[in-house]
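The primary structure of each chain is shown beneath.
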Amino acid sequence: KAGVTQTPRYLIKTRGQQVTLSCSPISGHRSVSWYQQTPGQGLQFLFEYFSETQRNKGNFPGRFSGRQFSNSRSEMNVSTLELGDSALYLCASSLEGNEQYFGPGTRLTVT
Amino acid sequence: GIQVEQSPPDLILQEGANSTLRCNFSDSVNNLQWFHQNPWGQLINLFYIPSGTKQNGRLSATTVATERYSLLYISSSQTTDSGVYFCAVVWGSQGNLIFGKGTKLSVKP
């Protein structure tokens, strides 16, 4: 089976812009979660989608949003980018919220 | 909320040495996973181990859920074992992973 894929792998944006990241889960997995990794805060949970519904949400501002499509692919969007949004964004998929498998990540730099 | 603490934060070994990484958590957990983060940032699954003991080659892990800790053993370490090792738990009604701060392992040739 193919693993979790994320696009793009690298991205450079300017403050105030918005960005959309994409994640394709392992075939058959219906749960997709997003995490942010920064040197200061470590790995933090953003949100989880299951069958196109947001099932769980972390403590991030409303500028961070996501969605899931009927084929389980997911996107996350960050509006009005800030310098502090520079991070590695990781997507994970699982069958029913048990063992999670991660993609290679998208490294976002905000200048 | 739950606290997940990993120790030691940094570990330097000579190739061929053995090591033990520890993960303590402050409450009962539903699931526990160990990951190795490679130099490009990807989290590689090592073990899914809410309780008990598992082995995979030179690596093994033990979780004692009643005492709220898990151990990751690396035997005969190799330079390719270098990187950051994370412990992550699933707690309460939430399904998301809560990560420790990681142990940075450096294996010298």
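Residues numbered from 1 in each chain as written. Chains lettered and ligands numbered in written order. Predicted model: local features only at pLDDT ≥ 70, side-chain atom pairs only at ≥ 80, totals over all residues. Heavy atoms only, no water.

Participant: I keep staring at the pairing of strand β5 (residues 42-50) of chain A and nothing clicks. Help me out?
Facilitator: A regular strand places its side chains so that they alternate between the two faces of the sheet. All names here are of chain A. Taking burial as the measure, the nine residues of β5 include seven buried ones, the bulk of the element. Bridge count for strand β4 (residues 31-38) against β5 is eight bridges, and the pairing is antiparallel. The partner of serine 31 across the bridge, within β5, is phenylalanine 50. Hairpin connection, β4 to β5: the antiparallel pair is bridged by three residues. Of the pairings in the sheet, the one linking β5 to strand β6 (residues 53-57) comprises four bridges and is antiparallel in character. Along β6, the bridge assignment pairs phenylalanine 50 with threonine 53. Adjacent in sequence and paired antiparallel, β5 and β6 are bridged by two residues, among which serine 51 carries a positive phi angle near 50°. (Buried < 20%, exposed > 50% of the residue type's maximum accessible area, 1.4 Å probe, protein only. Helix = DSSP H or I, 4+ residues; strand = E, 2+ residues; numbered from the N terminus. Pairing = 2+ DSSP bridges.)

Participant: Sorry, what's going on with the interface of chain A and chain B here?
Facilitator: The parts lose accessible area when they come together, and the size of an interface is often stated as this lost area. Taken residue by residue, the interface counts 17 residues in chain A and 16 residues in chain B. Across the chain A/chain B interface, buried area totals approximately 1,500 Å², and carbon plus sulfur atoms make up 48% of it. Viewed at the interface, chain B and chain A are joined by zero salt bridges. Joining chain A to chain B, the criterion identifies eight residue pairs in polar contact (both at pLDDT 80 or more). Of all the secondary structure elements, the ones that give two or more residues to the side of chain A that touches chain B are β4, β5, β9 (87-94) and β10 (101-102) of chain A. Taken together, the residues of the side of chain A that touches chain B break down into eight nonpolar, six polar and three charged. (Contact = heavy atoms within 4.5 Å. Buried area = accessible area lost by both parts, 1.4 Å probe. Salt bridge = Lys/Arg side-chain N within 4 Å of Asp/Glu carboxyl O. Polar contact = N/O pair within 3.5 Å; in protein donor to acceptor, adjacent residues only side chain to side chain. Nonpolar A, V, L, I, M, F, W, Y, C, P; charged D, E, K, R; others polar.)

Participant: Looking at this model, I keep getting lost on the pattern of salt bridges. Mind explaining?
Facilitator: Side chains that carry opposite charge are capable of pairing whenever their charged atoms lie near each other. Residue and element names in this part refer to chain A. Counted under the stated rule, the structure contains six salt bridges over all chains. With its nearest N and O atoms 3.6 Å apart, the salt bridge here joins arginine 63 to glutamate 82. In this pair, arginine 63 is assigned in the loop between β6 and β7 (64-68) and glutamate 82 in the loop between β8 (74-78) and β9, connecting sequence segments 19 residues apart. Of the residues examined, arginine 63 reaches a relative accessible area of 17% and is grouped as buried. Glutamate 82 sits in the partly exposed class, given a relative accessible area of 41%. One salt bridge connects arginine 73 with glutamate 75, and the closest N-O pair in it is separated by 3.3 Å. Looking at arginine 73, the relative accessible area reads 24%, which means it is partly exposed.

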